[in-house]
Amino acid sequence: MEVVPLATAAEVARLAADIIEELVRRRAAADGAAVLGLATGSTPLATYAELIARRQAGAGPDYRGVRTFNLDEYVGLPPDHEQTYLATIRRELTDPLGIPPEQVHGPDPALAGLPGAGERYEAELRAAGGIALQVLGIGTDGHIGFNEPGSSLASLTRIKTLTARTRSDNARFFGSADAVPRHVLTQGIATILRAGHLLLLATGEAKAGAVAAAVEGPVTASCPASAIQLHPHVSVILDAAAASALTRLDYYQEVWAAKPDWQGL
Ligand code: F6R
């Protein structure tokens, strides 16, 4: 795992955008199409805006062949609701980048097919050849995707129930915590760990405790994000506030400052 402590959220967005663009270019040069796993929520929005700005300035790669898979989706919202994660990712990223809507995927929360929705999403991910780069945020309670504390580290895509804390954290998107759906479909921890490279982004002081538990605490279902310690290729990109509770912060800063140019992330 590489922990990259940067000063500001804007620097986090620029570095994360560099990593995503590098993958898209590398796959295109190999005559392939990048398969990206995407988080929603507030944290990656600055990265997504950076990618769009670069593309619109003519500097970003061509995204038309890219396929994307969302981490999770609310259950129970009308399909045309603006806060579904599929609508959110299309609005905030894939439409502005020119990725065709049929290449933009998420777990299907339609009530009629709900019991098999997790297995169907796993099959879609397998058919796509797996996710090359998975963007992750982290909840204040240590969740990744919507795998709340107590989620099995071996879990696959399935229905979960949000904690009161997550519903309250997400109230800003819905006007009140009561309006936040209680149920979600989410990639499981084992699903997330199958991606080739995990890119966990965190900004702001509210994430400092969860980040420290994920990076330096024990691997435990009580902090689902700690499962990233089991993955061989993880980049954790943090602003100063999100990094503030790390006990090995000096070391991470030293590693980053002395990183050889050839090494990459
Ligand atoms: C969203 C997701 C969640 C969020 C997390 C942090 O697709 O998977 O794990 O990344 O809840 O949300 P923000 O970034 O809004 O603080």
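Residues numbered from 1 in each chain as written. Predicted model: local features only at pLDDT ≥ 70, side-chain atom pairs only at ≥ 80, totals over all residues. Heavy atoms only, no water.

Q: So what exactly am I meant to see when it comes to the overall build of the protein chain here?
A: Each helix and strand in the protein chain was counted, giving eight helices and ten strands. At 17 Å, the protein chain has a C-alpha radius of gyration in line with the 18 Å of a compact globule built from 265 residues. Within the span of the protein chain, comprising 265 residues, buried residues form 51% of the whole. Of all intrachain contacts in the protein chain linking residues separated by at least 6 positions in sequence, the fraction that spans at least 24 positions is 77%. Surface summary for the protein chain: the accessible area is close to 11,400 Å², and the carbon and sulfur share equals 54%. The positive charge centre, built from 22 side chains, and the negative charge centre, built from 29, are 4 Å apart in the protein chain. (Helix = DSSP H or I, 4+ residues; strand = E, 2+ residues; numbered from the N terminus. Rg over C-alpha atoms; globule rule 2.2 N^0.38 Å. Buried < 20%, exposed > 50% of the residue type's maximum accessible area, 1.4 Å probe, protein only. Contact = heavy atoms within 4.5 Å. Areas by Shrake-Rupley, 256 points an atom, 1.4 Å probe, with all protein chains shown as cover. Lys, Arg positive; Asp, Glu negative; His and termini not counted. Charge placed at Lys NZ, Arg CZ, Asp CG, Glu CD.)

Q: Teacher, can you tell me more about the site of the ligand here?
A: Near the ligand, the surroundings consist of 15 residues, among which T43, H143, G145, R172 and K207 are the closest. A distance of 2.7 Å separates an oxygen atom of the ligand from a polar atom in the backbone of S42. Considering the ligand on its own, with 410 Å² of exposed area, one finds that the protein chains cover 94% of that surface. More than half of the atoms of the ligand fall within 2 Å of the grid points belonging to the largest pocket. Partitioned by chemical class, the residues of the shell around the ligand number four nonpolar, eight polar and three charged. (Near = heavy atom within 4 Å. Polar contact = N/O pair within 3.5 Å; in protein donor to acceptor, adjacent residues only side chain to side chain. 1 Å grid on protein atoms, 1.4 Å probe; cavity = no way out; pocket = protein on both sides within 12 Å on 5 of 7 lines; lining within 4 Å. Sits in = over half its atoms within 2 Å of the grid points. Nonpolar A, V, L, I, M, F, W, Y, C, P; charged D, E, K, R; others polar.)

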